[in-house]
Amino acid sequence: MHILLIEDDSDLARHIVAGMGQSGHVVEHRDNGRDGLVQATCERYDLIILDRMLPGIDGLKILAALRAADDETPVLLLSALGDVDERVKGLRAGGDDYLGKPFACSELLARVEVLGRRRALSGDRNGEIRIADLVVDLAGHSVKRGGKRIELTLREFRILACLVRNCGRVVTRAMLLEEVWDYNFDPQTNIIDQHISNLRHKVDRGHAVPLIHTVRGTGYVLRE
Amino acid sequence: MTPGFLTSLSFRLAIAYAGLLCLSMALLSAAYYWIAIARPLDEIRAQVNREAQVLAQTYIVDGDAALVAALEKRSQSSGSRQAFHAFISPEGRRVSANLPSWPARPVRGWFSIEADIYREGDEVDFSALSRDRIFRNGARLIVGRNAEEIEDREEVLANALPWLLGLTILFGIAGGLFMSRAITRRLDTISATARSVIAGNLGGRVAIAGKGDDFDRLAGTINVMLARNQELFEAVRRVSDSAAHELRSPLARLIARLETLEVNIGHRPELEAAIAEAHRLQSIFNALLRIARIEGGRYDGCFSDVDLAALAADAVELYAPLAAEKGVEFLIEADVGIATLADRDLVFQALVNLLDNAFKHTPAGGCIRVKVHYRDDEPVIDVIDSGPGLQPGDAERITERFFRGEGTQGLPGEGLGLSLVAAIVHLHGARLVFHTLNQGLHAQMAFMARP
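Residues numbered from 1 in each chain as written. Chains lettered and ligands numbered in written order. Predicted model: local features only at pLDDT ≥ 70, side-chain atom pairs only at ≥ 80, totals over all residues. Heavy atoms only, no water.

*Asks:* Just to check I follow, could you spell out the side chain of A:Asn184 for this structure?
*Replies:* Secondary-structure assignment places A:Asn184 in the loop between α7 (173-180) and α8 (192-204). A distance of 3.2 Å separates a polar atom in the side chain of A:Asn184 from a polar atom in the side chain of A:Arg87. In contact with A:Asn184, other than residues within four places in its own chain, are A:Val84, A:Arg87, A:Val88 and B:Asp345. (Helix = DSSP H or I, 4+ residues; strand = E, 2+ residues; numbered from the N terminus. Polar contact = N/O pair within 3.5 Å; in protein donor to acceptor, adjacent residues only side chain to side chain. Contact = heavy atoms within 4.5 Å.)

Below, the structure written as structure tokens:
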């Protein structure tokens, strides 16, 4: 993926560039708002990682300028203002995702991959998705595995749908919470693990090949 | 009127004020009586006594004619007070008199006789303060002098005194009440401010009436004290807030370096533990900053109509798998349509924290109940667990940052969850109450009734 990073903290930027590079992404870095905006309008990127607080110009203003020019490049906002209200503000301003500092690199990577893929998949978001012998009908809210229907609660279905849509990519616990629950909140414990455990029980039990995998320290992935 | 009214300073002041007013009125009346009535009357009596003595001597020594002449002369003299007399012979015949009438029988001591005189077509009122003298031969002499205006004064005073007394008491009580009301009002302003500061409004100040009086000076002193306290309190809070904020960036870099190291040298248990510890620090800082933002009013939330029953159902659904895994009975009783004006993300967070607390302390086989209902128009969310409850004295401290009650050793958590709940509840103008039950803890969030 071709990524533009606009971030003034040089240490953090170096770390992000290195981390993304290891996963095979090409990252260009600008350390101030004006250069960043110029670069973003000159070239096409798969994704822009944008710090909210930049010297010279506010990250949200860059975002507004991009969206005003009908540039729909996915934007992931980074901010030291990590609280829920700031997150809501960032998403309302046209951001596609929002990550509070400090963050684990794995969390950023997972979000970057999901965001980059979202555009490619946006065509068949409501269709039927097949992964091995699992068939998920996103529109019809039905799940079958090996031809047998699986009964899921609405919440379990939404978790599975999120995993299925991002098949092969890591989905972090925080991403699942944001996607599946309609509240912006900070769970005190890994409460989501129990839900995954129930889902896994229904989807994987009795099948030789498990589909839902745990990625240690990060989240979950659904793959063959 | 408050129950303590009779013992209040203002009531005692009112009574003292009325009492003093009555006393000074009584003193004033007594002084007036003494100066304007008692003393002039005494002077007249002394004068009449002297004259009667001289006249009696004249009669005894020089006889009838001399007395009549002396009496005529006396009545003609233009003294300051009109002189009156009547001389009756031993046979009861009137010899000389300028009194229109007198008592038929002699009277002991002093008496007053009406002695109105027509002079130049005008009636002039006189009242003769007189005394009788009976001579050995049976002759009778009445001598007196006018005391009309003094007697009038006495009468006026006697008539006025009940009114004066009544009005004095009335004004005394009214004035006392007015005074005590004024004092009470000023004191109430001060104690209302103190209560609001106690309730957490550190910016509360006593309103100054601008009269420059003692109360204004007291209010000024109290305000200076409150400002100083607020300064100190905020300095402490700023230090802890900025410590958390300033430590975040180095912590972020630390985590980044550790992660790079992990990528370079692979998984090592020590490294993993270090990363986990760094993440724990990060979550503590985040929680502290979040509480500080909400408490400091810097949280830019979005208040809207929130269906608390639906919100509670979502929270219960979130925790249902954990309840099943722990073997805890988990129930919800929610009335339909319990709504309040709130920030739904924050209220959900508060409920999640309360549930988290309940699950931490409820043993397997226990029971956790969530109730959403109206209590006296107030929307209320109850979280009732069957854990060990609180130790006595913990209820006040449970929402303090980093406070962890007895029996929480070994349980996960930093003692910040309930502080966040308290901050959220406070932001909503709601109340958070903890009751220890026979078996368990009852946490209650009571929101404001919608107008």
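*Asks:* Explain the interface of chain B and chain A to me, please; I cannot follow it from the model alone.
*Replies:* Often, the extent of an interface is quoted as the loss of accessible area upon association of its parts. Counting from both sides, the interface comprises 38 residues of chain B and, opposite them, 32 residues of chain A. Overall, the association of chain B and chain A removes approximately 3100 Å² of surface from exposure, summing both partners, and the carbon and sulfur fraction of that is 49%. Counting every contact that joins chain B to chain A gives 8 salt bridges. Note that B:Arg253 is salt-bridged to A:Asp11, the shortest N-O span being 3.7 Å. Linking chain B with chain A are 15 residue pairs in polar contact (both at pLDDT 80 or more), by the criterion used here. At the level of elements, α4 (214-265), α5 (269-295), α6 (308-326) and α7 (344-361) of chain B are the ones that each hand at least two residues to the side of chain B that touches chain A. In terms of residues, the side of chain B that touches chain A owes the most to one element, α4(B), which gives 10 residues. Taken together, the residues of the side of chain B that touches chain A break down into 14 nonpolar, 9 polar and 15 charged. (Buried area = accessible area lost by both parts, 1.4 Å probe. Salt bridge = Lys/Arg side-chain N within 4 Å of Asp/Glu carboxyl O. Nonpolar A, V, L, I, M, F, W, Y, C, P; charged D, E, K, R; others polar.)

*Asks:* Please clarify how the sheet that holds strand β12 (residues 378-384) of chain B should be interpreted in this entry.
*Replies:* Two pairing modes exist for strands in a sheet, parallel and antiparallel, and in both the strands are linked by backbone hydrogen bonds. Residue and element names in this part refer to chain B. An order of β9-β11-β12-β14-β13 is seen for the 5 strands of this open sheet, with the pairing classed as mixed. A single partner strand is all that each edge strand has here, and the edge strands are β9 (329-334) and β13 (431-437). Between one strand axis and the next, the sheet turns by 15° as a mean value, whatever way the strands run. As paired strands, β9 and strand β11 (residues 367-375) are joined by 6 bridges and run parallel to one another. Note that in β11 the partner of Glu-333 across the bridge is Lys-371. Running at roughly 175° to β9, α6 makes contact with β9, β11 and β12 of the sheet. Lying over the sheet, helix α9 (residues 417-427) contacts β13 and β14 (440-446), oriented at roughly 135° with respect to β13. (Pairing = 2+ DSSP bridges. Axes fitted to C-alpha atoms, helices over the stretch in contact; angles between N-to-C directions.)

*Asks:* Can you help me understand the pattern of salt bridges in this one?
*Replies:* Pairing between side chains of opposite charge can happen when the charged atoms of each approach one another. Using the criterion set out here, one finds 43 salt bridges over all chains in the structure. Here A:Arg169 and A:Glu113 are joined by a salt bridge, their closest N and O atoms 3.5 Å apart. You can see A:Arg169 sitting in the loop between α6 (154-165) and β10 (171-172) and its partner A:Glu113 sitting in helix α5 (residues 105-121), a full 56 residues away along the chain. Overall, the relative accessible area of 26% leaves A:Arg169 in the partly exposed class. Judged by its relative accessible area of 17%, A:Glu113 falls in the buried class. When the shortest N-O distance is used, the salt bridge between B:Arg401 and B:Glu295 registers 2.8 Å. Of this pair, B:Arg401 sits in the loop between α8 (394-397) and α9 while B:Glu295 sits in helix α5; the two residues are 106 residues apart in sequence, bridging distant segments of the chain. (Buried < 20%, exposed > 50% of the residue type's maximum accessible area, 1.4 Å probe, protein only.)

*Asks:* Is there a simple way to explain helix α2 (residues 64-76) of chain B in this structure?
*Replies:* In an α-helix, one turn spans 3.6 residues; hence positions three or four apart end up facing the same way. All names here are of chain B. Between its first and last C-alpha atoms α2 spans 18 Å; for 13 residues at 1.5 Å apiece the expected length is 18 Å, and the two agree. All of the buried residues along α2 are Leu-67, Leu-71, Arg-74 and Ser-75. Projection of α2 onto a plane perpendicular to its axis shows the buried side chains occupying an angular sector of 95°, all on one side. Those residues of α2 that are exposed and aimed more than 90 degrees away from the buried face are Ala-65, Lys-73 and Gln-76. For α2, the elements touching its buried residues are α1 (9-62), β1 (83-88) and β7 (140-146). (Expected span 1.5 Å × (residues − 1). Arc of directions from axis to C-beta.)

*Asks:* Help me out: how do you make sense of the packing of α8(A) against α6(B) in this one?
*Replies:* Interaxial distance between α8(A) and α6(B) falls to 8 Å at its minimum, and their mutual angle equals 75°. With respect to α6(B), the element α8(A) is oriented roughly perpendicular. Within the contact between the two elements, α8(A) uses A:Gln194, A:His195 and A:Asn198 and α6(B) uses B:Glu317, B:Leu318, B:Pro321, B:Leu322 and B:Glu325. Of the residues in the contact of α8(A) with α6(B), the class split is 3 nonpolar, 3 polar and 2 charged. (Parallel < 35°, antiparallel > 145°, perpendicular 65-115°, else oblique.)

*Asks:* Looking at this structure, I do not really get the confidence of the model for chain B. What am I missing?
*Replies:* Parts of the model with low pLDDT should not have their predicted coordinates read in detail. Averaged over every residue, the pLDDT of chain B is 87; residues scoring 70 or more account for 98%. Mean pLDDT per element in chain B: strand β4 (residues 117-119) of chain B is the minimum at 72, and β12(B) is the maximum at 95. (pLDDT = per-residue confidence, 0-100.)

*Asks:* I keep staring at the sheet that holds strand β12 (residues 219-222) of chain A and nothing clicks. Help me out?
*Replies:* Residue and element names in this part refer to chain A. The antiparallel open sheet is built from 3 strands, whose spatial order is β10-β12-β11. Lying at the two open borders of the sheet, with one neighbouring strand each, are β10 and β11 (212-215). The pairing of β10 with β12 spans 2 bridges and is classified as antiparallel. Along β12, the bridge assignment pairs Thr-172 with Gly-219. Those strands touched by α8 are β11 and β12, and its axis lies near 150° from that of β11.

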